[in-house]
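So the chains spell out like this:
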Amino acid sequence: MLKLSNLLACILLLITSSASARGGDLVNNGGGLAEKNVFYAYTKLDTYIKACLESPVCKVSDSQKLILTKILESLPKELATPSQLIFASEKKAPGTFILDGNVRIAKTGNLVGSPIFLNVDLLYTKDQSGMTEAATIPEAVAILIHELGHHHGGYSHEELDLLGVNVSLFLQRKLIVTPMIPWESDISASVFNPKSITAFPEVLLYVGNDIIDLSPLYKKTVQCDVLRIPIPILPIEDISLIQSAPLASTLYNLHWNKIKEKNDSLELEILGNVSNMCLLKSMNKIRNNDFKLSIKVTVRKVNDVWVYDPQTLILDQFSSPWYKLIKF
């Protein structure tokens, strides 16, 4: 059961987070964007907890690390529980989330695998301009860690509030969010780099109410050049004769490059820098920072909501080396 003080409730709900190959995995479990963010955070919680436990940037005490370790070890059993996350509305079913005389954002039992009930009324908030904002992935992580902590003993609500917020703040620092328009989040991309030496990033593209997980496509797209023939003329690409998959990769400096209006749609392009960990024939590992990544997609509005065309989604790794002196 979640008992929040007014201060922690505000922190938990108002934290703002500062997703060549085609296609993408749509994170679509029903419900709105907030529910989808909760589902995604739920399935990736092991990655986030491990990153926190391994990083000095994540400000958690030894006692908090113990709680996180218990949650991490029990996640396989939690995730194996059918329909563990249950979304309900206090407004539609008064009394569902009333605990100790207050309306709560979530509640659960005391055993591993206990269902977690989430109050959809509090997963959406209004900003100063009256726009509806969905709970973000860092916010969802804070809520889930609090609830899962109740499955491991008699920890106080205040302890779990603070733990959830600490991990959420860590994730907020590590999660790079790039909206198409700075003051709107209808179309945006986000990147989470767990560990640059041994891992690949989580790359999400948000379009309207859809979350497209580009992480598998990113992993297939990035490559290390073993043998390349340089072509000093733009826009002709160098000829890569031999490529190999990197051991790990980092995506950073994400920014919108092109926004082109065409008929009733927008053709969008996002660029980012790629840093690949490559293995040489000598078995030495090197960091290759020569490449960039392009994400292209076409979107349009349907009933005042942005939607994307899966056939137009393209990921491409390319390079712009110094010797490209001639441009057609």
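One can find the structure itself at the top, above this paragraph.
Since we're looking at a predicted model, the values are computed, not measured. (Residues numbered from 1 in each chain as written. Predicted model: local features only at pLDDT ≥ 70, side-chain atom pairs only at ≥ 80, totals over all residues. Heavy atoms only, no water.)

Caption draft 1: Here's a closer look at the sheet that holds strand β7 (residues 116–119). Strand order across the open sheet formed by three strands is β3-β7-β6, with mixed pairing between neighbours. Edge positions in the sheet fall to β3 (85–88) and β6 (106–108), since each of these pairs with one other strand and no more. The mean inter-strand angle of the sheet, taken between neighbouring strand axes irrespective of direction, is 20 degrees. Lying on the sheet, helix α2 (residues 33–43) is in contact with β3 and β7; it crosses β3 at an angle near 165 degrees. Across the sheet, helix α5 (residues 137–149) is in contact with β3, β6 and β7; its angle to β6 comes to roughly 25 degrees. (Pairing = 2+ DSSP bridges. Helix = DSSP H or I, 4+ residues; strand = E, 2+ residues; numbered from the N terminus. Axes fitted to C-alpha atoms, helices over the stretch in contact; angles between N-to-C directions. Contact = heavy atoms within 4.5 Å.)

Caption draft 2: Structural context of the nonpolar core. Counting residues in each nonpolar core, the largest one holds 46 residues, and the members touching the most others are I137, V141 and I145. Breaking this core down by element, the ones donating at least two residues are α2, α3 (45–54), α4 (62–79), β7, α5, α6 (157–174) and β12 (202–207). Setting aside anything within four residues of it in sequence, one finds I137 in contact with N37, Y40, A41, Y48, L171, L204 and Y206. Of all hydrophobic cores here, the second largest spans 29 residues; its members include F200, V222, L251 and L313. (Core = buried A, V, L, I, M, F, W, Y, C linked by side-chain atoms within 4.5 Å. Buried < 20%, exposed > 50% of the residue type's maximum accessible area, 1.4 Å probe, protein only.)

Caption draft 3: Focus on the pairing of strand β20 (residues 305–308). Residues of β20 alternate between two faces, with W306 and Y308 buried on one and V305 and V307 left unburied on the opposite face. Pairing between strand β19 (residues 285–302) and β20: four bridges, direction antiparallel. Across the sheet, K301 pairs through a bridge with W306, a residue of β20. In this structure, the hairpin formed by β19 and β20 is closed by a connection of two residues, where N303 is found at a positive phi of approximately 55 degrees.

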